[in-house]
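Structural characterization, general
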Amino acid sequence: MQSFIDSPLIGAFIRAHEADITADYPDARYACCPIVGRTTEKDTALGRFRGTLSMRNLSEFTAALDDIVTENLMKAILDFQAATLSRSAFGVLVRFAATMHGRKKRLYIYRPSEQIRSSLADLGLADYFSYLESQDDILATLVV
């Protein structure tokens, strides 16, 4: 993906993908989602989440998801590699997914942590989401 960083169409999106999720982001609007990247047309967004998402920060998680959505958004990719979700956070995620699907928009879960994978399976929600596992999957999603 390195060759796409200077691309005027997807450069900011790729830089968000390549950023260190463990770094300190003092200017981040939401601690649980310090990195958001969008394509130039703002039709695809990548939100990178970290930490434990639970009752303690549920309103922040909800607001971070809502901020990812822009007027032109057609696809949202949520990176949960560095995050864990409580049952209440899964409820927020399912409501967000239902809203996205209801508006004929695509939602992808990228690199979910093992806790998220197993919890989705335990809750019977694994088939409700579309998953991306690699950078190639993201690139394919951008062109479809």
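Residues numbered from 1 in each chain as written. Predicted model: local features only at pLDDT ≥ 70, side-chain atom pairs only at ≥ 80, totals over all residues. Heavy atoms only, no water.

**Looking at the environment of Phe49**
Within the element layout of this structure, Phe49 appears in strand E2 (residues 44–53). Among the residues examined, Phe49 registers a relative accessible area of 1% and is labelled buried. For the pair Phe49 and Tyr30, spaced 19 residues apart in the sequence, the C-alpha separation amounts to 9.4 Å. Phe49 has contacts with Ile21, Cys32, Cys33, Phe61, Ala64, Leu65, Ile68, Leu78, Asp79, Phe80, Ala82 and Ala83, leaving out every residue within four places of it along the chain. (Helix = DSSP H or I, 4+ residues; strand = E, 2+ residues; numbered from the N terminus. Buried < 20%, exposed > 50% of the residue type's maximum accessible area, 1.4 Å probe, protein only. Contact = heavy atoms within 4.5 Å.)

**Some words on the pairing of strand E3 (residues 75–85)**
The buried fraction of E3 is high, at eight of 11 residues. With nine bridges joining them, E2 and E3 adopt parallel strand pairing. Along E3, the bridge assignment pairs Leu53 with Leu85. Read as a crossover between parallel neighbours, the route from E2 over helix H2 (residues 58–68) to E3 is right-handed. Pairing geometry for E3 and strand E4 (residues 106–110), over five bridges, is parallel. Bridged to Ile77 within E4 is Tyr108. Each parallel crossover has a hand, and the one from E3 via helix H3 (residues 87–102) to E4 is right-handed. (Pairing = 2+ DSSP bridges. Right-handed = clockwise from strand over helix to strand, strands pointing away.)

**Comments concerning the environment of Ala64**
As for its placement among the helices and strands, Ala64 is situated in helix H2. Apart from residues lying up to four places away in sequence, Ala64 is in contact with Tyr30, Cys32, Cys33 and Phe49.

**Points about the packing of aromatic side chains**
Tallied over the full model, the rule gives four aromatic pairs. Here Tyr128 and Phe129 contribute two aromatic rings whose centre-to-centre distance is 5.3 Å and whose plane-to-plane angle is 90°, an arrangement assigned as edge-to-face. By way of ring pairs, the aromatic residues Phe49, Phe61 and Phe80 are connected into one cluster. (Phe/Tyr/Trp six-rings, centres within 6.5 Å; stacked < 30°, edge-to-face > 60°.)

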